[in-house]
Amino acid sequence: MSGPQTPEPALSVQRDSPTGTRDEDTTNGTQHSHRMLNFSDALLSIIATVMILPVTHTEISPEQFDKSIQRLLATRIAVYLMTFLIVTVAWAAHTRLFQVVGKIDDTLALLNLACMMTITFLPFTFSLMVTFPEVPLGIFLFCMCVITIGAVQALIVVYAFHFPHLLDPQIRCSAHRGLYRQHILHIVLRGPALCFLAAGFSLFFYPASYLLMATVIFLPYVSKAAGWCRDRLVGRQAPEAHSVEFFTFDLQEPLSKERVEAFSDGVYAIVATLLILDICEDNIPDAKDVEERFHGSLVAALSVYGPQFLAYFGSFATVGLLWFAHHSLFLHVRKATQSMGLLNTLSLAFVGGLPLAYQQTSAFARRPHDELERVRVSCAIIFFASIFQFAMWTVALLHEAETLQPSARFGGREHAFMFAKLALYPCASLLAFTSTCFLSGFSTAIFHLMQIAVPFAFLLLRLLVRLALALLRALRGLARPTRGTGEDPQAPLLAAPC
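Residues numbered from 1 in each chain as written. Predicted model: local features only at pLDDT ≥ 70, side-chain atom pairs only at ≥ 80, totals over all residues. Heavy atoms only, no water.

Visitor: Would you mind showing me how to read the overall build of the chain here?
Guide: The helix and strand tally for the chain stands at 20 helices and two strands. Here the chain holds 498 residues, and 49% of them are scored as buried. For the chain, contacts bridging at least 24 residues in sequence account for 81% of all contacts bridging at least 6. Accessible surface, the chain: about 24900 Å² in total, of which carbon and sulfur atoms supply 67%. (Helix = DSSP H or I, 4+ residues; strand = E, 2+ residues; numbered from the N terminus. Buried < 20%, exposed > 50% of the residue type's maximum accessible area, 1.4 Å probe, protein only. Contact = heavy atoms within 4.5 Å. Areas by Shrake-Rupley, 256 points an atom, 1.4 Å probe, with all protein chains shown as cover.)

Put into C-alpha coordinates, the structure is as follows:
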(Lines give C-alpha, C1' and ligand atoms only; values in the text may rest on other atoms or scores of the structure.)
Protein backbone atom coordinates (compact mmCIF):
# COMPACT_ATOMS: atom_id res chain seq x y z
CA MET A 1 0.00 0.00 0.00
CA SER A 2 1.50 3.28 -1.07
CA GLY A 3 1.52 6.33 1.14
CA PRO A 4 3.55 7.96 3.84
CA GLN A 5 5.32 5.72 6.32
CA THR A 6 4.50 7.83 9.34
CA PRO A 7 1.05 8.06 10.94
CA GLU A 8 -1.00 11.10 10.16
CA PRO A 9 -1.99 13.51 12.93
CA ALA A 10 -4.63 12.05 15.20
CA LEU A 11 -8.18 13.23 14.87
CA SER A 12 -9.30 15.03 17.98
CA VAL A 13 -12.29 13.32 19.56
CA GLN A 14 -12.93 16.08 22.06
CA ARG A 15 -14.63 18.53 19.69
CA ASP A 16 -17.99 18.46 21.31
CA SER A 17 -18.53 22.05 22.34
CA PRO A 18 -20.16 24.43 19.86
CA THR A 19 -17.84 26.98 18.31
CA GLY A 20 -20.37 29.48 17.14
CA THR A 21 -21.32 30.62 13.69
CA ARG A 22 -17.80 30.42 12.26
CA ASP A 23 -18.30 26.67 11.62
CA GLU A 24 -21.52 27.24 9.74
CA ASP A 25 -21.59 27.64 5.98
CA THR A 26 -25.17 28.42 5.10
CA THR A 27 -24.23 29.59 1.63
CA ASN A 28 -23.39 25.99 0.71
CA GLY A 29 -26.47 24.62 2.45
CA THR A 30 -24.46 23.04 5.28
CA GLN A 31 -24.24 23.66 9.00
CA HIS A 32 -22.45 22.21 11.99
CA SER A 33 -23.86 18.99 13.44
CA HIS A 34 -23.90 20.08 17.11
CA ARG A 35 -27.62 20.84 17.32
CA MET A 36 -28.57 17.59 15.59
CA LEU A 37 -26.25 15.69 17.95
CA ASN A 38 -27.87 17.30 20.98
CA PHE A 39 -31.30 16.29 19.69
CA SER A 40 -30.11 12.75 19.01
CA ASP A 41 -28.43 12.41 22.42
CA ALA A 42 -31.60 13.54 24.20
CA LEU A 43 -33.74 11.12 22.21
CA LEU A 44 -31.38 8.19 22.78
CA SER A 45 -31.23 8.79 26.54
CA ILE A 46 -35.04 8.86 26.65
CA ILE A 47 -35.38 5.65 24.62
CA ALA A 48 -32.81 3.84 26.74
CA THR A 49 -34.61 4.81 29.95
CA VAL A 50 -38.28 4.31 29.07
CA MET A 51 -37.66 0.66 28.26
CA ILE A 52 -37.95 0.00 32.01
CA LEU A 53 -41.68 0.80 31.82
CA PRO A 54 -42.82 -2.67 30.65
CA VAL A 55 -40.94 -4.11 33.64
CA THR A 56 -42.26 -1.64 36.22
CA HIS A 57 -45.84 -2.12 35.05
CA THR A 58 -45.74 -5.88 35.46
CA GLU A 59 -48.98 -6.70 37.27
CA ILE A 60 -48.42 -9.23 40.04
CA SER A 61 -51.23 -10.10 42.43
CA PRO A 62 -50.33 -11.01 46.06
CA GLU A 63 -51.05 -14.69 45.58
CA GLN A 64 -48.78 -14.80 42.50
CA PHE A 65 -45.59 -13.56 44.16
CA ASP A 66 -43.85 -16.95 44.24
CA LYS A 67 -40.53 -18.25 42.92
CA SER A 68 -41.75 -18.52 39.32
CA ILE A 69 -42.89 -14.89 39.29
CA GLN A 70 -39.58 -13.83 40.84
CA ARG A 71 -37.73 -15.64 38.05
CA LEU A 72 -39.96 -13.95 35.46
CA LEU A 73 -39.24 -10.53 36.98
CA ALA A 74 -35.51 -11.29 37.11
CA THR A 75 -35.60 -12.37 33.45
CA ARG A 76 -37.32 -9.14 32.45
CA ILE A 77 -34.77 -7.09 34.35
CA ALA A 78 -31.93 -8.98 32.62
CA VAL A 79 -33.49 -8.38 29.18
CA TYR A 80 -33.94 -4.69 30.05
CA LEU A 81 -30.26 -4.38 31.05
CA MET A 82 -29.17 -6.02 27.80
CA THR A 83 -31.33 -3.78 25.60
CA PHE A 84 -30.30 -0.66 27.58
CA LEU A 85 -26.65 -1.48 26.93
CA ILE A 86 -27.34 -2.11 23.22
CA VAL A 87 -28.93 1.34 22.95
CA THR A 88 -25.86 2.88 24.61
CA VAL A 89 -23.68 1.08 22.04
CA ALA A 90 -25.81 2.67 19.30
CA TRP A 91 -25.42 6.06 21.00
CA ALA A 92 -21.62 5.65 21.16
CA ALA A 93 -21.48 4.63 17.48
CA HIS A 94 -23.67 7.61 16.53
CA THR A 95 -21.40 9.99 18.45
CA ARG A 96 -18.28 8.52 16.83
CA LEU A 97 -19.85 8.79 13.40
CA PHE A 98 -20.50 12.51 13.74
CA GLN A 99 -16.99 13.11 14.96
CA VAL A 100 -15.98 12.11 11.44
CA VAL A 101 -18.89 13.89 9.74
CA GLY A 102 -18.29 17.46 10.84
CA LYS A 103 -21.08 19.20 8.90
CA ILE A 104 -24.54 18.21 7.70
CA ASP A 105 -26.91 19.18 4.91
CA ASP A 106 -30.61 18.48 4.48
CA THR A 107 -30.03 14.94 3.20
CA LEU A 108 -27.87 13.97 6.19
CA ALA A 109 -30.38 15.54 8.58
CA LEU A 110 -33.19 13.48 7.05
CA LEU A 111 -31.10 10.29 7.15
CA ASN A 112 -30.40 10.95 10.83
CA LEU A 113 -34.14 11.42 11.45
CA ALA A 114 -34.78 8.04 9.80
CA CYS A 115 -32.20 6.53 12.16
CA MET A 116 -33.85 8.19 15.18
CA MET A 117 -37.31 7.03 14.08
CA THR A 118 -36.08 3.44 14.03
CA ILE A 119 -34.54 3.86 17.47
CA THR A 120 -37.83 5.17 18.88
CA PHE A 121 -39.45 1.88 17.82
CA LEU A 122 -37.13 -0.14 20.11
CA PRO A 123 -39.30 0.21 23.26
CA PHE A 124 -42.23 -1.39 21.41
CA THR A 125 -40.13 -4.36 20.36
CA PHE A 126 -38.77 -4.64 23.90
CA SER A 127 -42.33 -4.68 25.26
CA LEU A 128 -43.08 -7.62 22.97
CA MET A 129 -39.93 -9.38 24.20
CA VAL A 130 -40.84 -9.12 27.89
CA THR A 131 -44.58 -9.72 27.46
CA PHE A 132 -44.20 -12.76 25.19
CA PRO A 133 -40.78 -14.23 26.11
CA GLU A 134 -41.53 -17.54 24.40
CA VAL A 135 -42.49 -15.92 21.07
CA PRO A 136 -39.51 -15.02 18.84
CA LEU A 137 -41.29 -12.14 17.06
CA GLY A 138 -40.16 -9.54 19.62
CA ILE A 139 -36.50 -10.59 19.34
CA PHE A 140 -36.76 -10.67 15.54
CA LEU A 141 -38.22 -7.14 15.37
CA PHE A 142 -35.64 -5.80 17.83
CA CYS A 143 -32.81 -7.24 15.72
CA MET A 144 -34.36 -5.84 12.54
CA CYS A 145 -34.44 -2.38 14.15
CA VAL A 146 -30.73 -2.62 15.00
CA ILE A 147 -29.99 -3.79 11.45
CA THR A 148 -31.93 -0.84 10.03
CA ILE A 149 -30.07 1.58 12.30
CA GLY A 150 -26.75 0.18 11.05
CA ALA A 151 -27.88 0.39 7.43
CA VAL A 152 -28.91 4.05 7.78
CA GLN A 153 -25.61 4.88 9.49
CA ALA A 154 -23.78 3.17 6.63
CA LEU A 155 -25.74 5.34 4.17
CA ILE A 156 -24.65 8.40 6.16
CA VAL A 157 -21.00 7.29 5.85
CA VAL A 158 -21.26 6.64 2.10
CA TYR A 159 -23.05 9.95 1.49
CA ALA A 160 -20.60 11.99 3.58
CA PHE A 161 -17.56 10.49 1.87
CA HIS A 162 -19.19 11.12 -1.52
CA PHE A 163 -19.34 14.82 -0.60
CA PRO A 164 -16.02 15.37 1.23
CA HIS A 165 -16.85 18.95 2.24
CA LEU A 166 -19.08 17.39 4.94
CA LEU A 167 -16.18 15.52 6.55
CA ASP A 168 -13.82 16.60 9.27
CA PRO A 169 -11.03 18.70 7.69
CA GLN A 170 -8.27 16.24 8.63
CA ILE A 171 -10.06 13.35 6.92
CA ARG A 172 -11.13 15.51 3.97
CA CYS A 173 -7.51 16.43 3.22
CA SER A 174 -6.12 12.94 3.77
CA ALA A 175 -4.75 10.79 0.96
CA HIS A 176 -6.22 7.66 2.60
CA ARG A 177 -9.86 8.73 2.58
CA GLY A 178 -11.06 5.53 0.88
CA LEU A 179 -9.29 3.38 3.45
CA TYR A 180 -10.83 5.39 6.25
CA ARG A 181 -14.30 4.92 4.77
CA GLN A 182 -13.79 1.15 4.66
CA HIS A 183 -12.62 1.12 8.27
CA ILE A 184 -15.58 3.21 9.48
CA LEU A 185 -18.10 1.04 7.63
CA HIS A 186 -16.55 -2.03 9.26
CA ILE A 187 -17.09 -0.55 12.73
CA VAL A 188 -20.62 0.68 11.98
CA LEU A 189 -21.82 -2.61 10.50
CA ARG A 190 -20.25 -5.25 12.75
CA GLY A 191 -22.92 -4.88 15.45
CA PRO A 192 -25.85 -5.07 12.98
CA ALA A 193 -24.16 -8.10 11.38
CA LEU A 194 -24.36 -9.94 14.71
CA CYS A 195 -28.00 -8.89 15.06
CA PHE A 196 -28.63 -10.27 11.56
CA LEU A 197 -27.40 -13.65 12.80
CA ALA A 198 -29.49 -13.25 15.95
CA ALA A 199 -32.59 -12.55 13.84
CA GLY A 200 -31.96 -15.77 11.93
CA PHE A 201 -31.50 -17.82 15.09
CA SER A 202 -34.68 -16.33 16.58
CA LEU A 203 -36.74 -18.22 14.00
CA PHE A 204 -35.71 -21.66 15.26
CA PHE A 205 -33.52 -21.31 18.41
CA TYR A 206 -34.18 -18.01 20.12
CA PRO A 207 -31.89 -18.50 23.20
CA ALA A 208 -28.90 -18.17 20.86
CA SER A 209 -30.29 -14.81 19.75
CA TYR A 210 -29.88 -13.40 23.26
CA LEU A 211 -26.27 -14.59 23.34
CA LEU A 212 -25.48 -12.93 20.01
CA MET A 213 -27.23 -9.71 21.08
CA ALA A 214 -25.20 -9.67 24.29
CA THR A 215 -22.05 -10.06 22.18
CA VAL A 216 -22.86 -6.72 20.53
CA ILE A 217 -22.39 -5.00 23.91
CA PHE A 218 -18.94 -6.41 24.61
CA LEU A 219 -17.73 -6.56 21.00
CA PRO A 220 -15.46 -3.48 21.26
CA TYR A 221 -13.81 -4.92 24.36
CA VAL A 222 -13.44 -8.36 22.79
CA SER A 223 -11.97 -6.71 19.71
CA LYS A 224 -9.49 -4.78 21.82
CA ALA A 225 -8.46 -7.93 23.72
CA ALA A 226 -8.05 -9.81 20.43
CA GLY A 227 -5.91 -6.99 19.05
CA TRP A 228 -3.75 -7.03 22.17
CA CYS A 229 -3.24 -10.80 21.86
CA ARG A 230 -2.45 -10.48 18.14
CA ASP A 231 0.15 -7.81 18.83
CA ARG A 232 1.79 -10.02 21.45
CA LEU A 233 1.80 -13.12 19.24
CA VAL A 234 2.67 -11.80 15.76
CA GLY A 235 3.87 -8.29 16.53
CA ARG A 236 2.36 -4.94 15.70
CA GLN A 237 1.00 -4.17 12.26
CA ALA A 238 2.74 -1.93 9.78
CA PRO A 239 2.58 1.77 10.74
CA GLU A 240 0.43 2.78 7.78
CA ALA A 241 -2.18 0.11 8.54
CA HIS A 242 -2.14 0.77 12.26
CA SER A 243 -2.45 4.52 11.71
CA VAL A 244 -5.88 4.08 10.12
CA GLU A 245 -7.39 2.75 13.33
CA PHE A 246 -5.50 5.37 15.29
CA PHE A 247 -6.57 8.21 13.04
CA THR A 248 -10.26 7.51 12.58
CA PHE A 249 -12.93 7.19 15.19
CA ASP A 250 -13.13 3.85 16.99
CA LEU A 251 -15.58 2.38 19.47
CA GLN A 252 -12.58 1.23 21.49
CA GLU A 253 -11.55 4.79 22.27
CA PRO A 254 -13.15 6.56 25.25
CA LEU A 255 -15.82 9.15 24.55
CA SER A 256 -15.25 12.71 25.64
CA LYS A 257 -16.10 13.67 29.19
CA GLU A 258 -18.66 16.21 28.00
CA ARG A 259 -20.60 13.63 25.94
CA VAL A 260 -20.66 11.16 28.82
CA GLU A 261 -21.93 13.86 31.19
CA ALA A 262 -24.66 14.99 28.76
CA PHE A 263 -25.97 11.47 28.15
CA SER A 264 -25.84 10.65 31.88
CA ASP A 265 -27.73 13.82 32.79
CA GLY A 266 -30.40 12.87 30.26
CA VAL A 267 -30.89 9.44 31.86
CA TYR A 268 -31.13 10.91 35.38
CA ALA A 269 -33.62 13.56 34.22
CA ILE A 270 -35.86 11.02 32.48
CA VAL A 271 -35.82 8.69 35.51
CA ALA A 272 -36.89 11.57 37.77
CA THR A 273 -39.66 12.41 35.30
CA LEU A 274 -40.92 8.83 35.16
CA LEU A 275 -41.36 8.87 38.94
CA ILE A 276 -43.75 11.81 38.89
CA LEU A 277 -45.59 10.37 35.89
CA ASP A 278 -46.32 7.26 37.95
CA ILE A 279 -47.61 9.48 40.76
CA CYS A 280 -49.92 11.33 38.37
CA GLU A 281 -51.16 8.10 36.82
CA ASP A 282 -51.78 5.97 39.92
CA ASN A 283 -52.49 8.41 42.76
CA ILE A 284 -55.18 10.74 41.46
CA PRO A 285 -58.49 9.78 43.17
CA ASP A 286 -61.62 9.33 41.11
CA ALA A 287 -64.09 12.22 41.44
CA LYS A 288 -67.02 9.88 42.07
CA ASP A 289 -65.06 7.98 44.69
CA VAL A 290 -64.14 11.23 46.49
CA GLU A 291 -67.78 12.23 46.60
CA GLU A 292 -69.10 8.88 47.85
CA ARG A 293 -66.38 7.54 50.17
CA PHE A 294 -64.84 10.75 51.49
CA HIS A 295 -67.90 13.03 51.37
CA GLY A 296 -66.26 15.43 48.93
CA SER A 297 -63.04 15.86 50.96
CA LEU A 298 -60.10 15.72 48.54
CA VAL A 299 -57.63 15.97 51.44
CA ALA A 300 -59.07 12.83 53.02
CA ALA A 301 -58.95 11.02 49.69
CA LEU A 302 -55.31 11.99 49.10
CA SER A 303 -54.32 10.89 52.62
CA VAL A 304 -54.97 7.31 51.54
CA TYR A 305 -52.05 7.62 49.14
CA GLY A 306 -49.64 8.75 51.86
CA PRO A 307 -47.30 5.71 51.53
CA GLN A 308 -47.08 6.21 47.77
CA PHE A 309 -46.07 9.86 48.21
CA LEU A 310 -43.49 8.80 50.82
CA ALA A 311 -42.09 6.28 48.34
CA TYR A 312 -41.98 8.97 45.64
CA PHE A 313 -40.04 11.46 47.75
CA GLY A 314 -37.65 8.74 48.89
CA SER A 315 -37.11 7.53 45.32
CA PHE A 316 -36.61 11.07 44.00
CA ALA A 317 -34.09 11.75 46.77
CA THR A 318 -32.23 8.59 45.75
CA VAL A 319 -32.15 9.61 42.07
CA GLY A 320 -31.12 13.16 42.94
CA LEU A 321 -28.34 12.13 45.31
CA LEU A 322 -26.98 9.55 42.87
CA TRP A 323 -26.86 12.31 40.26
CA PHE A 324 -25.17 14.55 42.85
CA ALA A 325 -22.50 11.89 43.46
CA HIS A 326 -22.07 11.42 39.69
CA HIS A 327 -21.77 15.19 39.20
CA SER A 328 -19.19 15.46 42.00
CA LEU A 329 -17.16 12.60 40.52
CA PHE A 330 -17.02 14.07 37.02
CA LEU A 331 -16.25 17.49 38.47
CA HIS A 332 -12.88 16.03 39.46
CA VAL A 333 -12.41 13.87 36.35
CA ARG A 334 -10.09 15.21 33.68
CA LYS A 335 -10.59 12.39 31.19
CA ALA A 336 -12.96 9.41 31.11
CA THR A 337 -11.17 6.19 30.14
CA GLN A 338 -12.76 3.28 28.31
CA SER A 339 -13.19 1.28 31.53
CA MET A 340 -14.82 4.25 33.23
CA GLY A 341 -17.21 4.59 30.29
CA LEU A 342 -18.29 0.96 30.60
CA LEU A 343 -18.80 1.26 34.36
CA ASN A 344 -20.76 4.48 33.86
CA THR A 345 -23.03 2.71 31.37
CA LEU A 346 -23.65 -0.14 33.83
CA SER A 347 -24.44 2.37 36.56
CA LEU A 348 -26.89 4.22 34.29
CA ALA A 349 -28.58 0.92 33.42
CA PHE A 350 -29.43 0.36 37.10
CA VAL A 351 -30.33 4.03 37.56
CA GLY A 352 -32.84 3.43 34.79
CA GLY A 353 -34.28 0.66 36.97
CA LEU A 354 -35.07 3.02 39.86
CA PRO A 355 -38.70 3.47 38.67
CA LEU A 356 -39.02 -0.26 39.31
CA ALA A 357 -37.70 0.31 42.83
CA TYR A 358 -40.34 3.02 43.29
CA GLN A 359 -43.08 0.65 42.13
CA GLN A 360 -41.86 -1.93 44.61
CA THR A 361 -41.74 0.44 47.59
CA SER A 362 -45.04 2.13 46.75
CA ALA A 363 -46.74 -1.27 46.99
CA PHE A 364 -45.84 -1.77 50.67
CA ALA A 365 -49.20 -0.54 51.94
CA ARG A 366 -51.22 -2.50 49.38
CA ARG A 367 -49.33 -5.80 49.67
CA PRO A 368 -47.65 -5.97 53.08
CA HIS A 369 -47.04 -9.71 53.08
CA ASP A 370 -44.43 -9.64 50.29
CA GLU A 371 -42.66 -6.47 51.44
CA LEU A 372 -39.44 -8.35 52.26
CA GLU A 373 -38.89 -9.35 48.62
CA ARG A 374 -39.75 -5.85 47.41
CA VAL A 375 -37.32 -4.23 49.86
CA ARG A 376 -34.56 -6.54 48.69
CA VAL A 377 -35.22 -5.80 45.02
CA SER A 378 -35.10 -2.05 45.72
CA CYS A 379 -31.92 -2.34 47.79
CA ALA A 380 -30.25 -4.40 45.06
CA ILE A 381 -31.07 -1.83 42.36
CA ILE A 382 -29.75 1.05 44.49
CA PHE A 383 -26.64 -0.94 45.42
CA PHE A 384 -25.66 -1.74 41.82
CA ALA A 385 -26.43 1.80 40.61
CA SER A 386 -24.10 3.22 43.27
CA ILE A 387 -21.39 0.54 43.38
CA PHE A 388 -20.59 1.06 39.70
CA GLN A 389 -20.13 4.77 40.47
CA PHE A 390 -17.69 3.79 43.21
CA ALA A 391 -15.98 1.43 40.76
CA MET A 392 -15.51 4.35 38.35
CA TRP A 393 -13.78 6.25 41.14
CA THR A 394 -11.55 3.24 41.89
CA VAL A 395 -10.55 2.83 38.23
CA ALA A 396 -9.83 6.55 37.99
CA LEU A 397 -7.50 6.28 40.99
CA LEU A 398 -5.48 3.58 39.21
CA HIS A 399 -4.52 6.18 36.57
CA GLU A 400 -4.99 9.30 38.66
CA ALA A 401 -2.34 11.40 36.91
CA GLU A 402 -4.26 11.01 33.64
CA THR A 403 -7.87 10.95 34.86
CA LEU A 404 -8.21 13.05 38.04
CA GLN A 405 -7.65 16.61 39.14
CA PRO A 406 -4.83 16.99 41.71
CA SER A 407 -7.24 17.76 44.58
CA ALA A 408 -9.01 14.38 44.17
CA ARG A 409 -5.89 12.20 44.02
CA PHE A 410 -4.39 10.28 46.91
CA GLY A 411 -3.48 12.82 49.56
CA GLY A 412 -5.53 15.59 47.93
CA ARG A 413 -7.83 17.76 50.00
CA GLU A 414 -10.98 16.32 48.36
CA HIS A 415 -9.91 12.67 48.24
CA ALA A 416 -11.40 11.53 51.57
CA PHE A 417 -14.60 13.51 50.98
CA MET A 418 -15.12 11.97 47.51
CA PHE A 419 -14.42 8.50 48.87
CA ALA A 420 -17.05 8.92 51.58
CA LYS A 421 -19.59 10.48 49.20
CA LEU A 422 -19.35 7.66 46.67
CA ALA A 423 -19.28 4.92 49.32
CA LEU A 424 -22.36 6.16 51.19
CA TYR A 425 -25.12 4.61 49.06
CA PRO A 426 -23.37 1.26 48.47
CA CYS A 427 -22.79 0.87 52.21
CA ALA A 428 -26.29 2.01 53.19
CA SER A 429 -28.10 -0.21 50.67
CA LEU A 430 -25.92 -3.21 51.51
CA LEU A 431 -26.51 -2.65 55.23
CA ALA A 432 -30.27 -2.39 54.68
CA PHE A 433 -30.29 -5.57 52.57
CA THR A 434 -28.25 -7.46 55.18
CA SER A 435 -30.44 -6.19 58.02
CA THR A 436 -33.55 -7.65 56.38
CA CYS A 437 -31.95 -11.10 56.62
CA PHE A 438 -31.92 -10.87 60.42
CA LEU A 439 -34.85 -8.50 61.04
CA SER A 440 -37.26 -9.52 58.29
CA GLY A 441 -40.26 -8.29 60.28
CA PHE A 442 -38.89 -4.73 60.18
CA SER A 443 -37.86 -4.69 56.51
CA THR A 444 -40.11 -1.76 55.56
CA ALA A 445 -38.99 0.31 58.56
CA ILE A 446 -35.34 -0.43 57.74
CA PHE A 447 -35.78 0.67 54.12
CA HIS A 448 -37.60 3.89 55.02
CA LEU A 449 -34.93 4.62 57.64
CA MET A 450 -32.26 4.27 54.96
CA GLN A 451 -34.14 6.63 52.62
CA ILE A 452 -34.43 9.24 55.38
CA ALA A 453 -30.96 8.84 56.89
CA VAL A 454 -28.90 8.96 53.68
CA PRO A 455 -30.01 12.49 52.61
CA PHE A 456 -29.19 13.79 56.09
CA ALA A 457 -25.86 11.98 55.90
CA PHE A 458 -25.10 13.78 52.63
CA LEU A 459 -25.84 17.11 54.32
CA LEU A 460 -23.51 16.28 57.22
CA LEU A 461 -20.95 14.37 55.19
CA ARG A 462 -18.27 17.03 54.90
CA LEU A 463 -18.50 17.80 58.61
CA LEU A 464 -18.35 14.10 59.47
CA VAL A 465 -15.35 13.53 57.20
CA ARG A 466 -13.50 16.45 58.76
CA LEU A 467 -14.27 15.18 62.25
CA ALA A 468 -13.10 11.67 61.30
CA LEU A 469 -9.83 13.00 59.84
CA ALA A 470 -9.27 15.17 62.91
CA LEU A 471 -9.90 12.15 65.15
CA LEU A 472 -7.42 10.06 63.16
CA ARG A 473 -4.80 12.79 63.42
CA ALA A 474 -5.43 13.04 67.15
CA LEU A 475 -5.10 9.28 67.61
CA ARG A 476 -1.91 9.30 65.55
CA GLY A 477 -0.55 12.10 67.71
CA LEU A 478 -1.38 10.18 70.89
CA ALA A 479 0.23 7.03 69.57
CA ARG A 480 3.62 8.61 68.81
CA PRO A 481 4.75 9.40 72.43
CA THR A 482 4.07 5.83 73.51
CA ARG A 483 7.13 4.64 71.59
CA GLY A 484 9.40 6.03 74.29
CA THR A 485 7.84 7.76 77.31
CA GLY A 486 11.17 8.81 78.89
CA GLU A 487 12.84 10.15 75.75
CA ASP A 488 13.57 13.74 74.88
CA PRO A 489 10.70 15.66 73.17
CA GLN A 490 12.92 16.13 70.11
CA ALA A 491 13.41 12.38 69.72
CA PRO A 492 10.45 11.87 67.31
CA LEU A 493 12.22 14.18 64.84
CA LEU A 494 15.15 11.76 64.66
CA ALA A 495 15.28 8.81 62.36
CA ALA A 496 13.87 5.61 63.83
CA PRO A 497 16.41 2.89 64.57
CA CYS A 498 16.64 0.03 62.09
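Visitor: What should I look at first to understand the packing of aromatic side chains in this one?
Guide: Geometrically, a pair of aromatic rings is defined through the distance of the ring centres and the angle of the planes. If you walk through the whole model with that rule in mind, you get eleven aromatic pairs. A centroid spacing of 4.3 Å and a plane angle of 20° characterise the contact between Trp91 and Phe263, whose relative ring orientation is stacked. Remark: Phe263 occurs in helix α11 (residues 257–282) and Trp91 occurs in helix α3 (residues 67–100); sequence separation between them is 172 residues. Residues Trp91 and Phe263 agree in their burial class; the two are buried. Taking 5.4 Å as the distance between ring centres and 70° as the angle between the ring planes, the aromatic pair formed by Phe390 and Phe419 counts as edge-to-face. Within this pair, whereas Phe390 is found in helix α17 (residues 371–398), its partner Phe419 is found in helix α19 (residues 415–438), the two being separated by 29 residues in sequence. A relative accessible area of 42% places Phe419 in the partly exposed class. The rings of Phe350, Phe383, Phe384 and Phe388 are connected pair by pair, giving a single aromatic cluster. Looking at Arg376, its charged tip hangs above the ring of Phe433, at a distance of 5.8 Å from the centre. (Phe/Tyr/Trp six-rings, centres within 6.5 Å; stacked < 30°, edge-to-face > 60°. Lys NZ or Arg CZ within 6 Å of the ring centre and 35° of its normal.)

Visitor: Looking at this model, I keep getting lost on the nonpolar core. Mind explaining?
Guide: For soluble globular proteins, nonpolar side chains are generally found buried alongside one another. Core analysis: the biggest nonpolar cluster contains 119 residues, and Ile119, Met213, Leu354 and Trp393 have the highest contact counts within it. For this core, the element with the highest residue contribution is α3, accounting for 15 residues. If near-sequence neighbours (up to four positions away) are discounted, Met213 is found in contact with Met82, Ile86, Met129, Ile139, Phe142, Cys143 and Ala198. (Core = buried A, V, L, I, M, F, W, Y, C linked by side-chain atoms within 4.5 Å.)

Visitor: Where do I start with the packing of α17 against α19 in this structure?
Guide: Two quantities define a packed helix pair, namely the angle between the axes and the distance from one axis to the other. Axis separation between α17 and α19 bottoms out at 8 Å; the angle between their running directions is 155°. The angle between α17 and α19 falls in the class roughly antiparallel. Here the hand of the crossing between α17 and α19 comes out left-handed. (Axes fitted to C-alpha atoms, helices over the stretch in contact; angles between N-to-C directions. Parallel < 35°, antiparallel > 145°, perpendicular 65-115°, else oblique. Left-handed = near helix turned anticlockwise from the far one by under 90°.)

Visitor: Explain the pattern of salt bridges to me, please; I cannot follow it from the model alone.
Guide: Think of it this way: side chains of opposite charge can pair up when their charged atoms draw near. A full pass over the atoms with the stated rule returns one salt bridge. Glu402 is the salt-bridge partner of Lys335, the closest N and O atoms lying 3.2 Å from each other. Taken together, the residues Lys335 in the loop between α14 (306–331) and α15 (338–351) and Glu402 in helix α18 (residues 400–403) connect sequence positions 67 residues apart. The class of Glu402 is partly exposed, set by a relative accessible area of 38%. (Salt bridge = Lys/Arg side-chain N within 4 Å of Asp/Glu carboxyl O.)

Visitor: What should I look at first to understand helix α4 (residues 106–120) in this one?
Guide: Along an α-helix, residues three or four positions apart point the same way, because every turn accommodates 3.6 residues. End to end, α4 covers 21 Å across 15 residues, agreeing with the expected 21 Å (1.5 Å per residue, within 8%). Every buried residue of α4 is listed here: Leu108, Leu111, Asn112, Cys115, Met116, Thr118 and Ile119. When α4 is viewed along its axis, its buried side chains cluster within an angular range of 160° and face the same direction. Looking at α4, the residues exposed on the side facing more than 90 degrees away from the buried face are Asp106, Leu110 and Met117. N-capping of α4 is provided by Asp105, with a side-chain oxygen placed 3.3 Å from the backbone N of Thr107. (Expected span 1.5 Å × (residues − 1). Arc of directions from axis to C-beta. Polar contact = N/O pair within 3.5 Å; in protein donor to acceptor, adjacent residues only side chain to side chain.)

Visitor: What's the story with the side chain of Thr88 in this structure? I'm lost.
Guide: Structurally, Thr88 is set in helix α3. Overall, Thr88 belongs to the buried group, its relative accessible area being 7%. The contact partners of Thr88, leaving out residues within four places of it in the chain, are Phe263 and Thr345.

Visitor: How should I be thinking about the state of the cysteines in this particular structure?
Guide: Note on terminology: a disulfide is the covalent bond linking the sulfur atoms of two cysteines. Taken as a whole and judged by the stated rule, the model has zero disulfides. This cysteine, Cys145, is not joined by any disulfide, and Cys143 carries the nearest cysteine sulfur, 9.3 Å off. The class of Cys145 is buried, set by a relative accessible area of 7%. In this structure Cys195 is a free cysteine whose sulfur lies 4.8 Å from that of Cys143, the closest cysteine sulfur available. (Disulfide = S-S within 2.5 Å.)

Visitor: Sorry if this is basic, but what is going on with the packing of α14 against α19 here?
Guide: Between α14 and α19, whose axes approach to 10 Å, the crossing angle comes to 150°. Here α14 is positioned roughly antiparallel relative to α19, judged by the angle of their axes. Here the hand of the crossing between α14 and α19 comes out left-handed. Together, Ala317, Thr318, Leu321, Leu322, Phe324, Ala325, Ser328 and Leu329 of α14 and Met418, Lys421, Leu422 and Tyr425 of α19 make up the contact between the two elements. Residue composition of the contact of α14 with α19, by class: nine nonpolar, two polar and one charged. (Nonpolar A, V, L, I, M, F, W, Y, C, P; charged D, E, K, R; others polar.)

Visitor: Looking at this structure, I do not really get the environment of Phe384. What am I missing?
Guide: By the secondary structure assignment, Phe384 is in helix α17. Distance in space between the C-alpha atoms of Phe384 and Leu346 is 8.4 Å, their sequence separation being 38 residues.

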